[in-house]
Amino acid sequence: MPRLVDPTALHGKVFSQGWRAPAGGAAATTEPATGRALATVGTADASDIRAAARGAALAQPAWAATPAAERAAVLRRAAQLLEAHAPEVVSWLIREGGGVRGKAEYEVGAVADELWAAAALPGRPHGHLLPSQPGRHSVGRRIPLGVVGVISPWNVPLLLGMRAVAPALALGNAVVLKPDEQTPVSGGWVTARLFEEAGLPEGVLHVLPGDAGPGAALTSDPDVAMIAFTGSTAVGREVGRTTGRLLKRASLELGGNNALIVLDDADLDVAASAGAWASFFHSGQVCMAAGRHIVLESVAEAYTERLAKRAEQLTVGDPWTADVDLGPLISDGQLARVKRLVAETVAAGARVLTGGTHTGPFYRPTVLAGVTAAMPAFREEIFGPVAPVIVVADDDEAVAVANDTEYGLSAAVQSGSAERGLALAERLRTGLVHVNDQTVNDEAHIPFGGRGASGNGSRHGSENSWDEYTQWQWLTVRGTALPYPF
Ligand code: NAD
């Protein structure tokens, strides 16, 4: 079977009316574990984005008019192609994004789910018949927005692009995708090739990797009706400012600082396992990672000991050449951020129980005890394998401490009593909350999204896509026009 992505054939190119060299030039994409160059990918500038958005706007009406069954078939073929090329895509996710094999395999499965879920959308009812005046046929119907700009991050690059690209296309929009410059292949080329091979008409999807410059150009482009942005809260605010000024729709899926609450009746071995997974999966570089372990006083020592023991047993290294639990941090900048947060938190009085060290980009899983609400590791999103533990007196204080953040993405409660866990969960201000589970959870059909500084109320996930990627139109038809009184 020929490869899905051939770096030699695609050298220096972007996908925009076919494969071509962009005006913005090209850059190497590198392996964070080794610093080695993996491929040379075209990078967009503002003129490339402008041309892509125009091309998308011209291609969109014909795509929207394509029968629903044909649109669905393209999505299904993309899913089948992904499944057929899964090992190749997994290898790009491991090498370019630094994720371990299990994370990469999970991601490919989740992307296939997104594609199958999106394929089911075009065949669903997309409006309703409304009562109206005699002789007047009155319909409320959902119509596509036009061109949707998708801006995605590096940490789960294929999934976080596809969860917007697939439903937007399925519902008749054209899409311009700008993946992060650190993952242009796994977050960009792979998506482009899947839809090219699946038979999506030329011009309906454009994929142009690049940094903040082309991102800002896409956000303000006059042909773009909506931006689906996933990334940091700081950049999300900027995107929101621009889309607000230009009256575009925006879906903003932003940072998190998620609480895992451990009550005194929890099974502490299971809770520590959930806690370790929530803070250390993908080296904590996940928006839903547990950034705060909030533990009731009477079990705090026993829980923290168990968590530290699990952290010590984890292996860290190059996920491409070794079977490790954690891979590298994505960049020097991310490493510096994690080191700063740990150092400042320790200077403020917290203790490192394990970790706090690194070899190159490989940061050891770290447990911080004695963390309080004033400390940087409590207040800021860490995005690294660090588990700060905060001790509280009772359930009420656990709720107050968990809600003491501007973020509101995910939360979890561990308790021997589902009723007690649920009563507490209902008081947490988050978009996602789990009883007797951990914070990192997603499925293709759930209403995924955050509150507060974690997002603007947008929700990803199959049925919710109708609200995100279509707009209502009232349409009336009379057989014969009637005269008005004057
Ligand atoms: P980031 O905000 O730096 O970058 C995200 C994307 O925005 C990239 O494609 C980047 O090139 C682009 N960008 C940067 N500046 C821009 C600008 N001025 N205008 C338009 N686009 C611009 O985020 P990151 O560091 O790559 O990703 C990590 C962050 O993303 C974390 O805060 C994490 O919590 C968050 N995240 C959220 C979710 C979610 O679903 N809520 C999922 C994954 C990651």
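These numbers come from a predicted model, not from an experiment.

Trainee: Provide a residue-level description of the overall build of the protein chain, including the pertinent values.
Mentor: Along the protein chain, the regular secondary structure elements total 15 helices and 21 strands. Principal-axis analysis of the C-alpha atoms gives the protein chain an extent of 80 × 60 × 40 Å. Counting over 486 residues, the protein chain shows a buried share of 58%. Considering only contacts within the protein chain whose residues lie at least 6 apart along the sequence, 72% involve residues at least 24 apart. With an accessible surface of roughly 19100 Å², the protein chain has 54% of that area assigned to carbon and sulfur atoms. Each charge sign in the protein chain was given a centre, from 40 positive and 51 negative side chains, and these centres are 7 Å apart.

Trainee: Explain helix H1 (residues 46–65) to me, using residue names and the numbers behind them.
Mentor: Residues three or four positions apart in an α-helix share a direction because the helix packs 3.6 residues into each turn. The end-to-end C-alpha separation of H1 is 29 Å, in line with the 28 Å expected for 20 residues at 1.5 Å each. At Ala59, H1 shows its strongest bend, of approximately 35°, with the proline Pro61 following within four residues. Within H1 the residues assigned to the buried category are Asp48, Ile49, Ala52, Ala53, Gly55, Ala56, Ala59, Gln60 and Trp63.

Trainee: So what's going on with the site of the ligand? Which residues, and what values?
Mentor: Around the ligand lies a shell of 32 residues, among which Ser152, Arg163, Ser232, Leu254 and Glu381 are the nearest. Here Lys178 contributes a side-chain N or O atom positioned 3.0 Å from an oxygen atom of the ligand. Expressed as a share of its isolated accessible area of 850 Å², the protein-covered part of the ligand is 89%. Of all the secondary structure elements, the ones that give two or more residues to the shell around the ligand are helix H5 (157–170), helix H7 (212–220), strand S10 (226–230) and helix H8 (233–246). Per-element tally for the shell around the ligand: the top contributor is H7, with four residues. Grouping the amino acids of the shell around the ligand by side-chain chemistry returns 14 nonpolar, ten polar and eight charged. Looking at which domains feed residues into the shell around the ligand, each of domain 1 (14–254) and domain 2 (258–435) gives three or more.

Trainee: Any details on the sheet that holds strand S17 (residues 366–369)? Residues and values, ideally.
Mentor: Reading across from one edge, S14-S17-S18-S13-S12-S19-S20 is the order of the seven strands in this open sheet, with mixed pairing throughout. At either end of the open sheet lies a strand with only one pairing partner, and these are strand S14 (351–354) and strand S20 (432–435). The average undirected angle you get between the axes of adjacent strands in this sheet is 20°. Pairing geometry for strand S19 (residues 410–414) and S20, over four bridges, is parallel. If you follow Ser410 over to S20, its bridge partner there is Leu432. In the packing of helix H11 (residues 332–347) onto the sheet, contacts are made with S14, S17 and strand S18 (386–392), and the angle to S17 comes to roughly 25°.

Trainee: Please provide a residue-by-residue account of the packing of aromatic side chains, values included.
Mentor: Counted by the stated rule, this structure contains four aromatic pairs. With a centroid separation of 4.8 Å and 20° between ring planes, the pair formed by Trp277 and Phe281 is classed as stacked. On the basis of relative accessible area, Trp277 is assigned to the partly exposed category, the value being 48%. Taken together, Phe15, Trp19 and Trp189 form an aromatic cluster joined through their ring pairs. Against the face of Phe378 rests Arg292, its NZ or CZ located 4.8 Å from the ring centre.

Trainee: How would you explain the domain arrangement of the protein chain if you had to name every residue and give the values?
Mentor: Looking at the assigned domains, one finds that the protein chain contains domain 1 (14–254) and domain 2 (258–435). Facing the 20 residues of domain 1 at the interface are 22 residues of domain 2. Summed over both sides, the interface between domain 1 and domain 2 buries roughly 1700 Å², with carbon and sulfur atoms accounting for 66% of that surface. Sorting the residues of domain 1 by area buried against domain 2 places Ala33, Val100 and Trp154 first, and these three jointly supply 29% of that buried surface. Across the contact surface, domain 1 and domain 2 share one salt bridge.

About the criteria used
Residues numbered from 1 in each chain as written. Predicted model: local features only at pLDDT ≥ 70, side-chain atom pairs only at ≥ 80, totals over all residues. Heavy atoms only, no water. Helix = DSSP H or I, 4+ residues; strand = E, 2+ residues; numbered from the N terminus. Buried < 20%, exposed > 50% of the residue type's maximum accessible area, 1.4 Å probe, protein only. Contact = heavy atoms within 4.5 Å. Areas by Shrake-Rupley, 256 points an atom, 1.4 Å probe, with all protein chains shown as cover. Lys, Arg positive; Asp, Glu negative; His and termini not counted. Charge placed at Lys NZ, Arg CZ, Asp CG, Glu CD. Expected span 1.5 Å × (residues − 1). Bend = angle between axes of the 7 residues up to and from the residue. Near = heavy atom within 4 Å. Polar contact = N/O pair within 3.5 Å; in protein donor to acceptor, adjacent residues only side chain to side chain. Nonpolar A, V, L, I, M, F, W, Y, C, P; charged D, E, K, R; others polar. Domains from an automatic or database assignment. Pairing = 2+ DSSP bridges. Axes fitted to C-alpha atoms, helices over the stretch in contact; angles between N-to-C directions. Phe/Tyr/Trp six-rings, centres within 6.5 Å; stacked < 30°, edge-to-face > 60°. Lys NZ or Arg CZ within 6 Å of the ring centre and 35° of its normal. Buried area = accessible area lost by both parts, 1.4 Å probe. Salt bridge = Lys/Arg side-chain N within 4 Å of Asp/Glu carboxyl O.

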